[in-house]
Amino acid sequence: GTVFETSPYLLPNLTYAIFAAFVWVIGVLFLEESLPQSASALTDQDERVSRRPGSSGRPIAISSRCFTPNLSVLIMTYCAVSGCFNATSQLFILMASYSVQTGGFGFGPAQIGFVRNSGALGQIVSQFLVYPELCKNYGPYRVFWVAWFTFVAVWGIFPL
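Now for a look at the structure at hand. (Residues numbered from 1 in each chain as written. Predicted model: local features only at pLDDT ≥ 70, side-chain atom pairs only at ≥ 80, totals over all residues. Heavy atoms only, no water.)

### Observations concerning the nonpolar core
Here is step 1 of the chain: Phe92, Ile93, Met95, Ala96 and Ile112 together form the largest nonpolar core, which totals 5 residues.
Here is step 2 of the chain: If one sorts the elements of this core by residue count, helix H4 (residues 69-97) sits on top with 4 residues.
Here is step 3 of the chain: Sequence-distant contacts of Ala96, that is, excluding residues within four places in its chain, are made with Phe105, Gly106, Phe107 and Ile112. (Core = buried A, V, L, I, M, F, W, Y, C linked by side-chain atoms within 4.5 Å. Buried < 20%, exposed > 50% of the residue type's maximum accessible area, 1.4 Å probe, protein only. Helix = DSSP H or I, 4+ residues; strand = E, 2+ residues; numbered from the N terminus. Contact = heavy atoms within 4.5 Å.)

Following this line, the structure appears as structure tokens:
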């Protein structure tokens, strides 16, 4: 048999990894934060110093305010959400491959791969079309919490 027959979870995981790598490459190549300083829209003056509103006007180095408490919380939240998403992706594969008699869906590797690829395409569409509109209308904070509670509610109904 083929490698996908001997390792039935390889194809869906490989597909997910390729999509993740593709998104990472796009981020590195096109997000302003990841571009070299010469290609960034920031000027030299903006990059070296910043003025804190309401302060004495004395310039402060940007590096001294890189990891503010709010940013640290944001990074930890992102890590928690990413870890939870990856864990649930793997749980879906297990749950989908279990037989119907044991509470799973009884999917084979091809069906699991199709469902995961469809989900990836759905995520791409929602990130480009739905998410920006929701953030514009309701703000990212509300969108995050509604999405989080929806995620918890949806995964709460799945049998484990």
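Once the structure has been displayed, the description carries forward.
### Concerning the pattern of salt bridges
Once their charged atoms are close, side chains differing in charge can pair, the charge on each being opposite to the other.
Here is step 1 of the chain: A complete count under the given rule lists 1 salt bridge for this structure.
Here is step 2 of the chain: Measuring nitrogen to oxygen at the nearest pair gives 3.3 Å for the salt bridge that ties Glu133 to Lys136. Separated by 3 residues within a single helix, Glu133 and Lys136 lie in helix H5 (residues 109-138), roughly one turn from each other. (Salt bridge = Lys/Arg side-chain N within 4 Å of Asp/Glu carboxyl O.)

### Focus on the side chain of Arg116
Here is step 1 of the chain: Among the secondary structure elements, Arg116 is positioned in helix H5.
Here is step 2 of the chain: Put simply, Arg116 is tucked away with no salt bridge, and the nearest opposite charge, on Glu5, sits 20 Å away.
Here is step 3 of the chain: Apart from the residues within four sequence positions on either side, Arg116 is in contact with Pro12, Asn13, Tyr16, Ser89, Gln90, Phe92 and Ile93. (Lys, Arg positive; Asp, Glu negative; His and termini not counted.)

### Focus: the packing of aromatic side chains
Here is step 1 of the chain: Applying the stated criterion to the full structure yields 6 aromatic pairs.
Here is step 2 of the chain: Measuring from ring centre to ring centre gives 6.1 Å for Tyr16 and Phe85, while their planes differ by 40°; the resulting arrangement is tilted. Remark: Phe85 occurs in helix H4 and Tyr16 occurs in helix H2 (residues 10-30); sequence separation between them is 69 residues.
Here is step 3 of the chain: Ring centres of Tyr141 and Trp145 lie 6.3 Å apart, and the angle between their planes is 70°; on these two criteria the pair is classed as edge-to-face. Of the two residues, Tyr141 and Trp145 are both situated in helix H6 (residues 140-156); the distance of 4 residues between them amounts to about one turn of the helix.
Here is step 4 of the chain: Classification of Trp145 as partly exposed rests on a relative accessible area of 34%.
Here is step 5 of the chain: A network of ring pairs unites the aromatic residues Tyr141, Phe144, Trp145 and Phe149 as a single cluster. (Phe/Tyr/Trp six-rings, centres within 6.5 Å; stacked < 30°, edge-to-face > 60°.)

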